[in-house]
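The chain contents come next:
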Amino acid sequence: MEQGQVGPTRIVIAVNQSSLKGYPHPSISSSNAFEWALKKLIRSTRHKDFKLYILHVQVPDEDAFNDVDSIFACPDDFKDLKNREKIKGIHLLEYFVKRCNEIGLACEAWIKRGNPNEVICNEVKRLHPDILVVGSRVLNQLEKVFVGTVSEFCSKHADCPVIVIKRKPEDTPQNPIDD
Ligand code: AMP
């Protein structure tokens with residue numbers, strides 16, 4: 001880039017899968033946050049001024065519940081299982097990357113494993129984006145204690161400005177913890 005030229009505004013958006021439909025469907029809150037960013041932040045005429053970084057964090061299955069139906073006979077079987085999980089995450093990213101490509105918006109998407117709160121904040125430290133966008137299920141105090149809240153953690157701890165897009169009341173599933 002030439003001296004004095006300002007680069008595009010770099011936006012990280014954290015996305016997760018639907019807890020109701022699973023992969024490859026995005027959660028209601030992260031899909032809303034993505035559409036909000038396209039419509040209100042980036043807007044149709046200014047795509048070249050922005051670059052979107054789409055981050056999905058896969059949470060390791062602590063009790064290995066997903067693995068109970070699998071049979072392991074050699075080291076490759078374990079590799080297969082890890083790859084299967086990763087492929088599911090890739091289909092989620094494909095949804096968002098396709099949307100960006102359709103409208104000509106530059107993007108990069110990637111998957112990390114770990115605790116979403118920590119990973120998102122670490123990736124912000126590494127990338128130094130201008131803005132982090134996250135969705136929110138708008139949980140109440142009790143629900144937050146039981147299941148935790150990624151948006152609240154990130155807005156407190158991420159080293160950059162954070163935009164939290166609240167899920168609309170009419171989009172809230174029967175169980176608000178679901179998304
Ligand atoms: P909350 O309802 O406060 O837990 O925030 C939900 C939002 O956090 C989602 O819309 C995503 O933006 C983000 N989020 C939650 N889990 C993940 C994950 N595994 N990977 C990336 N972002 C996530």
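All figures in this text were calculated on a predicted structure; none of them were measured in a lab. (Residues numbered from 1 in each chain as written. Predicted model: local features only at pLDDT ≥ 70, side-chain atom pairs only at ≥ 80, totals over all residues.)

**Notes on the environment of Tyr53**
Okay, step 1: Relative to the assigned elements, Tyr53 resides in strand β4 (residues 50-58).
Okay, step 2: The spacing of Tyr53 and Ile11 is 42 residues in sequence and 5.9 Å in space, taken between C-alpha atoms. (Helix = DSSP H or I, 4+ residues; strand = E, 2+ residues; numbered from the N terminus.)

**Structural notes on the pairing of strand β6 (residues 131-136)**
Okay, step 1: Of all 6 residues making up β6, 5 are buried, and the element is well covered by its neighbours.
Okay, step 2: Sheet topology note: the β6/strand β7 (residues 162-166) ladder contains 5 bridges and is parallel. What sits directly across from Val134, in β7, is Val164. (Buried ≥ 20, exposed ≤ 12 C-beta atoms within 10 Å, placed from the backbone. Pairing = 2+ DSSP bridges.)

**Points about the site of the ligand**
Okay, step 1: The environment of the ligand is made up of 21 residues, and the closest members are Ala14, Ser29, Gly135, Arg137 and Ser151.
Okay, step 2: Listing elements by their share of the shell around the ligand, those giving two or more residues are α1 (28-42), β4, β6 and α5 (150-157).
Okay, step 3: Broken down by class, the residue content of the shell around the ligand amounts to 10 nonpolar, 9 polar and 2 charged. (Near = placed C-beta within 6 Å. Nonpolar A, V, L, I, M, F, W, Y, C, P; charged D, E, K, R; others polar.)

**Notes on the packing of helix α3 (residues 116-127) against α5**
Okay, step 1: Packing of α3 against α5 brings their axes to within 9 Å, and their N-to-C directions diverge by 35°. Considering how the two elements wind past one another, α3 and α5 form a crossing that is right-handed. Seen from α3, the contacting residues are Pro116, Asn117, Ile120 and Cys121; seen from α5, they are Val150, Phe153, Cys154 and His157.
Okay, step 2: Classifying every residue of the contact of α3 with α5 gives 6 nonpolar, 2 polar and no charged. (Axes fitted to C-alpha atoms, helices over the stretch in contact; angles between N-to-C directions. Left-handed = near helix turned anticlockwise from the far one by under 90°. Contact = placed C-beta atoms within 7 Å.)

**Some remarks on α3**
Okay, step 1: Compared with an ideal rise of 1.5 Å per residue, which puts 12 residues at 16 Å, α3 spans 16 Å between its outermost C-alpha atoms and is within 8% of the ideal.
Okay, step 2: Every buried residue of α3 is listed here: Pro116, Asn117, Ile120 and Val124. Buried residues along α3 cover an arc of 110° about the axis, so they all sit on one side. Turned more than 90 degrees away from the buried face of α3, the exposed residues are Lys125 and Arg126. (Expected span 1.5 Å × (residues − 1). Arc of directions from axis to C-beta.)

**Structural notes on α1**
Okay, step 1: Counted at 1.5 Å a residue, the expected span for α1 with its 15 residues is 21 Å, and the 20 Å between its end C-alpha atoms agrees.
Okay, step 2: The largest bend along α1 measures about 25° and falls at Trp36.
Okay, step 3: For α1, every residue scored as buried is listed here: Ile28, Ser29, Ser30, Ser31, Ala33, Phe34, Ala37 and Ile42.
Okay, step 4: Packed against the buried residues of α1 are β1 (9-14), β3 (22-26), β4, α2 (75-103), β6 and β7.
Okay, step 5: Phi turns positive one or two residues past the end of α1, at Arg43, with a value near 60°. (Bend = angle between axes of the 7 residues up to and from the residue.)

**A short note on the nonpolar core**
Okay, step 1: Ranked by internal contacts, the top residues of the largest apolar core, which has 30 residues, are Ile11, Val12, Ile13, Leu52, Ile54 and Val133.
Okay, step 2: For this core, the secondary structure elements donating two or more residues are β1, α1, β4, α2, α3, β6 and α5.
Okay, step 3: At 6 residues, β4 tops the list of elements feeding residues into this core.
Okay, step 4: Dropping the residues within four chain positions of it, Leu52 is found in contact with Ile11, Ile13, Cys100, Leu105 and Cys107. (Core = buried A, V, L, I, M, F, W, Y, C linked by C-beta atoms within 7 Å.)

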